[in-house]
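# Notes for the structure review
Okay, here's what each chain looks like letter by letter:
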Amino acid sequence: MSAATRRGGSLTHPARTGVALVLPAIAFVVVFVFVPLVAAVGISFTNLPLIGPWEFVGLDNYLLAFTDPVFGRSILYTLVYTLIVTFPILALGYALAVVVRSNRRGSTLLRTIFFLPYVIGLTTISFIALLEAQPDSGAINVVLAWLGITDGSTAWLVNGPLATGLTCALVIWGVSGLTMVLLMSAMQGVPREVYESAELDGASWWKTEWNVTIPMIRRAIAMSVIISVIGSFLAFTQFFILTQGGPGSETTTVVMAVFRRAFIDLQLGSATAMSLLLVLLTGLVTAVQMLMLREKD
Amino acid sequence: MLTRRGFLSAAAVASLAALAGCSGRLEPIDTTAASFRDGGQEGTIEVWCRADTLEGNQAMVEAFHAAQDRIRVRLTPIPNSQYVTKLATAIRGNRPPDLVDIDDIYSALFIYRDAFADLTPLIDALPFRDTLSPGHLALAQREGRFYGVPFLADNSVMWCNLELFDRAGVDVDEATGSFEGYLDAARAVAGLGGDVRGWWYPGNSSGFLGFVVQPHMWAADADMIQGAVGSQTGNVVGNEPARKTLELLHTMWAEDLVPQRAFSDDGALGPAEFLAGTVGMASCAYGNLVHNAEPGFLDGVEARLLVGPEGGRSFFDGGDNFAIPNGASRPEAAWEYVRFCLDLPQQQALPEGGYTPIRSDALTDDFRARFPHSVAPLEQIDAGYAPLSLSYNRIYNQPDGPWLEMFRRAVFSGEIDEAMSAAQPRYDQLLRQGDA
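Residues numbered from 1 in each chain as written. Chains lettered and ligands numbered in written order. Predicted model: local features only at pLDDT ≥ 70, side-chain atom pairs only at ≥ 80, totals over all residues.

## A short note on the overall build of chain A
The following threshold applies: Secondary structure elements are taken from DSSP: a helix is a run of H or I of four residues or more, a strand is a run of E of two residues or more, and numbering for both begins at the N terminus. Taken over C-alpha atoms, the radius of gyration is set against a globule rule of 2.2 Å times the number of residues to the power 0.38.
For chain A, the count of helices and strands is 14 helices and zero strands. Order of helices (α) and strands (β) in chain A, N terminus to C terminus: α-α-α-α-α-α-α-α-α-α-α-α-α-α. Relative to the globule expectation of 19 Å for 297 residues, the C-alpha radius of gyration of chain A, 24 Å, shows a markedly less compact shape. Counting only C-alpha atoms, chain A reaches 75 × 65 × 30 Å along its principal axes.

## Overview of unusual backbone geometry
Residue and element names in this part refer to chain A. Following G246, the chain continues to P247 via a peptide bond in cis, the omega torsion being 0 degrees. Looking at the secondary structure, you find P247 in the loop between α12 (237–242) and α13 (254–263). Of note, the phi angle at Q244 is positive, near 55 degrees, even though the residue is not glycine. Among the structural elements, Q244 can be located in the loop between α12 and α13.

## Focus: the domain arrangement of chain A
Under the convention used in this document: Domain delimitation in this document rests on an assignment produced automatically or drawn from a domain database.
Per the domain assignment, the segments making up chain A are domain 1 (13–44) and domain 2 (69–293). Spacing between the C-alpha centres of domain 1 of chain A and domain 2 of chain A amounts to 33 Å.

## Quick notes on the nonpolar core
Put simply, the test is: Buried Ala, Val, Leu, Ile, Met, Phe, Trp, Tyr and Cys residues form a nonpolar core when they are connected through C-beta atoms within 7 Å. Any residue whose C-beta has 12 or fewer other C-beta atoms within 10 Å is treated as exposed, any with 20 or more as buried, and any in between as partly exposed, C-beta atoms being built from the backbone. Contact between two residues is assigned when their C-beta atoms, built from the backbone, lie within 7 Å.
W159 and I324 of chain B are the most contacted members of the largest nonpolar core, which totals 172 residues. Considering every element that reaches this core, the biggest residue donor is strand β6 (residues 149–161) of chain B, with eight residues. Setting aside its immediate chain neighbours within four residues, I324 of chain B contacts I29, D98, L99, F116, A117, L119, P331, A334 and W335 of chain B. One finds Y94, L183, M187 and V225 of chain A within the second-largest nonpolar core, a separate group that totals 15 residues.

## Comments concerning the pairing of strand β1 (residues 43–50) of chain B
All names here are of chain B. Rules: DSSP calls a pair of strands paired once it identifies at least 2 bridges connecting them. A crossover gets the label right-handed when its path from the first strand over the helix to the second runs clockwise, viewed with the strands pointing away from the viewer.
Direction of pairing for β1 relative to strand β2 (residues 71–78): parallel, over a ladder of eight bridges. Bridged to C49 within β2 is P77. With helix α3 (residues 54–67) bridging β1 and the parallel β2, this β-α-β connection has right-handed handedness. The sheet contact formed by β1 and strand β3 (residues 99–103) spans two bridges and is parallel. Directly across from W48, in β3, lies its bridge partner V100.

## What to know about the interface of chain A and chain B
Going by this rule: Ten residues, namely Ala, Val, Leu, Ile, Met, Phe, Trp, Tyr, Cys and Pro, are considered nonpolar, four, namely Asp, Glu, Lys and Arg, are considered charged, and the remaining ones, Gly among them, are considered polar.
Between chain A and chain B, the contact holds 30 residues from the first and 34 residues from the second. Looking at the side of chain A that touches chain B, the elements that each hand over two or more residues are α2 (15–44) and α13 of chain A. Ranked by residue count, the leading element in the side of chain A that touches chain B is α2 of chain A, at six residues. For the side of chain A that touches chain B, the per-class residue count stands at 18 nonpolar, 10 polar and two charged.

## Side note on the domain arrangement of chain B
Residues and elements named next belong to chain B. Structurally, chain B comprises domain 1 (30–154 + 318–385) and domain 2 (156–316 + 389–435). Placing a centre on the C-alpha atoms of domain 1 and another on those of domain 2 gives a separation of 28 Å. Every contact between the two is made by 20 residues of domain 1 and, on the other side, 21 residues of domain 2. Contributing elements (two or more residues each) for the side of domain 1 that touches domain 2: α5 (107–111), α18 (375–379) and β14 (384–385). Of the residues that constitute the side of domain 1 that touches domain 2, the class distribution is 12 nonpolar, seven polar and one charged.

## Quick look at the packing of helix α10 (residues 179–190) of chain B against helix α12 (residues 240–254) of chain B
For any two helices packed against each other, the geometry comes down to the angle between their axes and how far apart the axes lie. Residues and elements named next belong to chain B. We apply this condition: Angles run from 0 to 180 degrees between N-to-C directions of axes, and those axes are lines fitted to C-alpha atoms, restricted for helices to the stretch in contact. Should an angle fall under 35 degrees it is taken as roughly parallel, and over 145 as roughly antiparallel, whereas 65 to 115 is taken as roughly perpendicular and any remaining angle as oblique.
The interhelical angle for the contact between α10 and α12, taken along N-to-C directions, is 5 degrees, at an axis separation of 11 Å. As far as their axial angle goes, α12 and α10 are roughly parallel. The segment α10 lies against α12, with F179, Y182, L183 and A186 engaging K244, L248, T251 and M252. Here the residues of the contact of α10 with α12 are counted per class, giving six nonpolar, one polar and one charged.

## Looking at the environment of M224 of chain B
Residue and element names in this part refer to chain B. Among the secondary structure elements, M224 is positioned in the loop between α11 (206–218) and β8 (225–226). The buried category is assigned to M224, around which 25 C-beta atoms lie within 10 Å. Between the alpha carbons of M224 and P241 there is a distance of 9.7 Å; along the sequence they are 17 residues apart. Setting aside residues no more than four positions away along its own chain, M224 makes contact with M217, G234, N235, V236, N239, A242 and Y427.

## Some points on the pairing of strand β10 (residues 279–285) of chain B
Residue and element names in this part refer to chain B. Here β10 lies mainly inside the structure; seven of its seven residues are buried. One ladder, built from five bridges, connects β6 with β10; its direction is antiparallel. In the sheet register, S156 faces β10, and the bridge partner there is A285. With three bridges connecting them, strand β7 (residues 197–200) and β10 associate as parallel partners.

See the structure below:
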């Protein structure tokens, strides 16, 4: 082995070529991730308002976050919301992927239809849901009244559990298309021979899915779950549009609590401390997920 | 060679330098300067207004452009819900507009952070100084100095449908003179049957409810926020006028005197049932009616100020103040525009856009004849009030604030004392945070 190779260079290019190639990426990460993160840590130790002077307050913002009942409740609510939506998104996404993974006639059309809600986006479908959930006039109530299930005057968005249920249903429908695409790609990568072997062994469809497909797309499932959980932890749009965190603070998510602290209370220092706690919490949950879902060699 | 420790230190220093840069203070404006009295300014001024009052502002700008050609106004409407954030961000970024037309209830947020110019010398020099709305001025005041000047009023008053009152045999003054009068009138009107109800309120609109319900408490000299900015606390538990007001509104709900839609009404449709002629009384602003009423509907409507549980009268002295942010590039031209807007002809034309003048001397015989529905607040302009607090937005205008939570629990569930007890610590906490 040559000296150049020992110092990290390749056999054909000097080390500085490699450094030059990754420098833009490093600069990007430093400027847009590292420096803001360090600045955020600095801001979290101040009482920086959106306007006016500021001073260092030590750990006060963190103590405030830990003792603020609304922030604590928002973390709990976000965890519950995440628990509610994660499995249905995975299950529905998996089922849709099973339907569209083959190249049968109509598969492309179905893929498009199933993926459409994700393309339309949570913002748009939340606004549609806002209109359709109105008592007496919204389509949801009209249909339920027509079916004889309710009298059509249900105020979905002013009742915590009902609003949560409606929002969860909306999100499960809206984002499972992404899970479908991720899992479908992985499923299409499973060698046909494996399925043929399973078939020769007399495995049923269920057994094939359980013993062949799922183990072979384990990485894709893990990635889907992690994306879904992080997305749920950062939920904001749908709640901001549909419930604005109410009634009371029953549907206030942690990001909404941070937003309010920053842009309604105008307290950036305190909001930044809350954000950093959210970053830590999200990182912790993701790390646990990765440990649980890692490949067992 | 840059070590890891050196790199981290440099990044930390750079971050703190950036943070320090955020504290840059805008240059205070000296409003005693002769340039404010000389006139003759030229150029284009940037004026921000809130979207809710765009119509009134646009009319002013057009009139100002027609009256002179030295100063042009570039008007930028900002959505109400984003106004505070956008203005704060512009000030933080050292790019404030020359003049802001700001919801008077939010004025203090900026005044107490030294963001607005001291306009006291200019206001004191106004020949009509004593006629200006005291409620607006109170929200622009800090330690005896004024950092904003009233521009237009948006007041909550009680509107009565005379046709329904006649059919129910109810007298307007008797009905609107006490809580008992309210209740008796609502029962009588609802007794007409069908879809007719006695009273209207939007039970799921935090800001709207703050606008139309609180004056009943203020009429009894009881605010739910007490103390001076910096050391404010909630005045919820033991606030008897507040308890009686919630009790009245709960009775209205429990006896089916309010449309069922009130439970989920977010105020987006305004007093729709009142405008449809199926509700006897509705508390709201003149602007809520004038733009949406069928032709001739307002001929059968009269307004009264809101009464307290033991008498007294009040109204929400809402609307806009003008303020000149420190650091504005053309403050003198901005003040010239303000002076134009405050002149009587412009003020007396405000009801055309759904607003009320902020000068009591606007109430002339001609004005009474042209705009009879704008008369009530001007006749008792001193009865107007709005709380001075840095936490008003958080407490009263946010759906997850303690005000709406308390209102809904008290009014729709009837748990009045429990709701007030639960609200007290939330008020205290938010006021403490806002004053920090």
